[in-house]
Amino acid sequence: MTETTDYFDALAAALRKGGMEGLDVAATVAELNGYLAETGAAAQEEFGPVEEFAARLAGGASPAEEPTAEAETWKWAADIYVDRKHLNAYGDEGWEVERIDRLGRFVSRREPGAAMRWEYRREVTRIHDRSAVAADLAPEGWEVCGQWLYFQYFKRPKAASAGPAAAIDAPPEAPGRWLFLSRGYRKQLWGALAAMLVSGTVTACAVRWGANVTAILIGAAVAAPIGGLLGWYRVKRDILTGAEEYRGGRSG
């Protein structure tokens, strides 16, 4: 446990040094902790040297060639239950994902007058398997356009499967939205916020009216990570089963 704690302390420091905001650092470390808790792997073995891993997390995938001055750019995000749906929908509108930034957003661009359709796929991989998966898919024209934890995203021009139909004569305007969450995922977020509110209210009441504050705080400290791990296991299950929408709910 000490080795893992030391690793994540060093990782957090490296991420902050690389310019990542404090809240993003905390969220990243929490997600990685959940990942290790589920896999049972050692941090150093799974992620590699701290400085190299921090550089990958902070920098994301390498961008493609620099866009021209006329190119449209768009950064957007989606939860794991609707990401593929929106990737392919907007790929059909000519949006090419160049990388995933440190906030988990798809950094996309489109060339006016030369837009073409793109298609995407997502693979569930471990960090050490990614090179092999990319090599297996390369003969079919797939190239990596982003990665995060279990996920590796690939793109290819739709001309590879659709031929001349992949051309776009008049692409629609850039979307006005940037965040796409499924209905079930929103319910999950509201549930977590409600639990936090209830916990805070109970603690405040205990302090105000003299209940056993120590016992309550210990209980909250134990319940928080357990709840987090249960949430992680639920998400992991949906990742491995390829769930498109959370618990069958409609996307929003």
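Keep in mind it's a predicted model, so treat the numbers as computed, not measured.

A. The overall build of the chain, seen in detail. Counting secondary structure elements, the chain contains 9 helices and 7 strands. Scored against the burial criterion, the 252 residues of the chain give a buried share of 36%.

B. Geometry of the nonpolar core. Tyr-7, Phe-8, Leu-11, Leu-15, Leu-32, Phe-47 and Phe-53 are the most contacted members of the largest nonpolar core, which totals 21 residues. Put simply, the parts of the chain that give this core at least two residues each are helix H1 (2-17), helix H2 (22-39), helix H3 (43-47) and helix H4 (50-59). Among the elements that take part in this core, H1 stands out by supplying 6 residues, more than any other. Residue contacts for Phe-53: discarding those within four places in its chain leaves Tyr-7, Leu-11, Leu-32, Phe-47 and Ile-127. Val-82, Leu-87, Trp-95 and Ile-100 belong to the second largest nonpolar core, which has 18 residues in total.

C. Spotlight on the pairing of strand E5 (residues 143-148). Here E5 runs beside strand E6 (residues 151-157); their pairing, made up of 5 bridges, is antiparallel. Bridge pairing in E6 links Glu-143 to Lys-155.

D. Structural detail: helix H5 (residues 83-91). Residues of H5 that are buried: Asp-83, Arg-84, His-86, Leu-87, Tyr-90 and Gly-91. All buried residues of H5 lie within an arc of 165 degrees about the axis, which places them on one face of the element. If you follow the buried residues of H5, they end up packed against strand E1 (72-78), strand E2 (96-100), strand E3 (106-110), strand E4 (118-124), E6 and strand E7 (179-180).

Cut-offs and rules
Residues numbered from 1 in each chain as written. Predicted model: local features only at pLDDT ≥ 70, side-chain atom pairs only at ≥ 80, totals over all residues. Heavy atoms only, no water. Helix = DSSP H or I, 4+ residues; strand = E, 2+ residues; numbered from the N terminus. Buried < 20%, exposed > 50% of the residue type's maximum accessible area, 1.4 Å probe, protein only. Core = buried A, V, L, I, M, F, W, Y, C linked by side-chain atoms within 4.5 Å. Contact = heavy atoms within 4.5 Å. Pairing = 2+ DSSP bridges. Arc of directions from axis to C-beta.

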